[in-house]
Amino acid sequence: MQILLIGSLSEREDKSAIPSITKLTESENLEVRLSAIQALGKIGNGSSVIPLATIASSTSGHERNVSRSALSNLKGNDVQNALKKHLKESLPEIQSELVRAIATRAESTAMNELMILAKSNTPEIRKEAIRGIGNLADQSHLDQILILLLNPKEESDRNDIESAIAYSFRRISDKKIQTDALTKALEKADEIAKPSILSLLGRDPNEQSLQLLISALKETESIQLAAIGALTKWPNHGPANDLLKIASEEKNPNRDAALNSYIILSSKSPNPTLSYRKALELNNSTATAKKVLAGLGQSGGIQSLEIIKPYLENSETSNEAALAATQVAKRIKDSHTDTVRTILTAIIKSNASKSAKKEATDLQSELDLYKDYILDWRITGPYSVKGKDAKYVFDTALAPEKDSKSVRWKKFKNKLKSERSLWAIELDSILGPEANAAAYAMTKIWAPENLKINLEMGSDDHIKAWLNDKIIHESFSNRSLEPRQSIIPVTLSKGWNLITLKVVNTSGPWGLCCRIRGRDGNPVDGLKIESK
């Protein structure tokens with residue numbers, strides 16, 4: 001009943017009910033409390049600020065979230081003043097909730113209060129105040145926030161202040177204003193504060209900030225390291241040579257960081273492969289090689305395969321090299337098909353793991369999608385059952401299944417010269433566009449030994465398959481003919497093996513395709529195919 005009453009008063013927006021609803025936020029019943037808190041968020045005013053902030057500071061989970069949401073949604077001219085007033089006089093835990101609400105509500109008039117609280121003795125309040133500053137600050141507050149960055153209450157606050165400044169930059173459209181302010185702050189910054197300023201300069205890439213960062217590369221070890229970190233995020237290859245120079249200094253403790261930064265920027269080079277090669281010439285350790293291989297995989301061209309290939313033979317880098325080479329191969333497969341086939345073969349023969357080889361195998365299968373299909377078949381059909389549909393024909397053993405020698409088989413001859421003719425057996429061109437009918441295809445495979453292989457088949461529409469008179473696959477599905485719709489693992493016996501397919505058409509065109517591949521997706525050597 002109380003919940004219904006609260007809901008009714010809330011819907012009517014009856015302000016006179018605020019005291020009663022506020023009292024119900026202390027109910028022993030959780031559902032009543034939650035309803036009362038939500039109602040205050042809708043009809044409450046300045047007097048609701050402290051009750052809601054108190055609940056938020058003293059509860060957890062859903063109740064805290066509901067009270068915070070209600071505090072953020074309060075309306076009325078007195079709410080803003082109430083927030084600012086109580087911000088100055090409340091207990092620390094209440095202050096923290098009020099600061100959170102001010103930030104969420106975007107109460108920009110409270111910036112002065114937030115700046116004061118950013119120096120509070122209570123870490124939780126400082127954190128919320130700094131977050132609020134980041135949400136509300138604009139161009140007019142930039143100098144103030146930078147002073148806060150240079151002189152935080154605690155050193156541990158500096159990262160939060162830096163993030164707040166970066167967030168406020170989104171609201172400053174004139175990037176020169178940002179850079180000019182950071183330049184002035186850099187001049188005032190001590191050894192501890194400079195890294196934060198340099199980090200912010202790295203987030204504001206332009207010629208002025210680039211020159212400041214490059215100049216910082218010549219300063220002390222800690223300042224240099226901060227500048228390297230900032231340049232790592234640079235949007236182009238511009239500072240790469242400066243980083244490479246530091247990476248070349250044998251006694252520089254930051255040389256590894258500079259090299260790592262250079263490798264990251266190499267992807268943005270006009271010639272990534274050349275840039276990565278320079279990194280390897282400078283440091284050919286396994287760790288560097290793995291980073292370079294990852295980069296070459298992302299952006300290397302055909303020349304990068306020369307760099308990658310030797311690492312396929314190294315057990316420590318073979319996986320990374322396999323993945324990188326496959327990524328490059330995907331980009332150049334249409335323009336350099338022969339080269340791609342060569343590198344894919346090298347990957348598959350390498351010591352890389354099965355998972356690292358999988359993409360190469362898949363790509364090889366894609367390149368060979370229409371290659372090595374069986375085109376030597378004997379075919380018989382069409383067979384139908386009067387008044388029966390495709391499902392009945394599919395399920396029923398027709399004459400070729402009962403006694404294959406009792407029917408007349410015709411050798412298939414493909415007279416077409418299209419790409420499709422390299423893999424597809426178009427049954428409608430042989431038997432006509434028969435509906436609810438079956439056709440059978442038969443051929444023999446000779447294997448030099450027992451072989452575990454995959455039969456890759458496609459059909460339009462439904463298909464059954466037998467190997468040496470044992471059924472190995474059936475699929476009843478209306479579909480258009482495509483390669484590799486069904487991939488069936490089987491074992492060929494040494495000598496001759498009989499493959500028989502039954503394809504049932506529902507309507508329209510129909511056909512089949514079939515080829516043999518190893519379990520790794522590669523062609524199988526030594527097989528003979530003959531439909532006699």
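Values in this document were obtained by computation on a predicted structure and should not be read as measured data. (Residues numbered from 1 in each chain as written. Predicted model: local features only at pLDDT ≥ 70, side-chain atom pairs only at ≥ 80, totals over all residues. Heavy atoms only, no water.)

Asker: Could you give an account of the nonpolar core, with specific residues and numbers?
Answerer: Ranked by size, the top nonpolar core spans 112 residues in total, and within it Ile133, Leu146, Ile165, Ile197, Leu198, Ile308 and Ile343 carry the most contacts. Contacts of Leu198, omitting those with residues within four sequence positions, involve Leu186, Leu213, Ala216, Ile223, Ala226, Ala227 and Ala230. Residues Leu427, Ala465, Leu467 and Trp510 belong to the second largest nonpolar core, which totals 29 residues. (Core = buried A, V, L, I, M, F, W, Y, C linked by side-chain atoms within 4.5 Å. Buried < 20%, exposed > 50% of the residue type's maximum accessible area, 1.4 Å probe, protein only. Contact = heavy atoms within 4.5 Å.)

Asker: Kindly report on the pairing of strand 4 (residues 437–447), identifying the contributing residues and their values.
Answerer: A large share of strand 4 lies buried, amounting to 9 of its 11 residues. In the sheet, strand 1 (residues 378–383) pairs with strand 4 via 4 bridges, with the strands oriented antiparallel. Within the sheet, the bridge partner assigned to Arg378 lies in strand 4 and is Met442. Note: strand 4 against strand 9 (residues 495–505), 11 bridges, orientation antiparallel. Within the sheet, the bridge partner assigned to Trp446 lies in strand 9 and is Trp496. Pairing analysis gives 3 bridges linking strand 4 to strand 11 (residues 528–530), with the strands arranged antiparallel. Note that in strand 11 the partner of Ile445 across the bridge is Ile529. (Helix = DSSP H or I, 4+ residues; strand = E, 2+ residues; numbered from the N terminus. Pairing = 2+ DSSP bridges.)

Asker: Could you give an account of the sheet that holds strand 5 (residues 451–460), with specific residues and numbers?
Answerer: Pairing in this open sheet of 4 strands is antiparallel, and the strands run 3-10-5-8 from one edge to the other. Pairing within the sheet leaves two strands with one partner each, and these edge strands are strand 3 (425–426) and strand 8 (486–492). With 7 bridges connecting them, strand 5 and strand 8 associate as antiparallel partners. From the neighbouring strand, Leu451 faces strand 8, where its bridge partner is Leu492.

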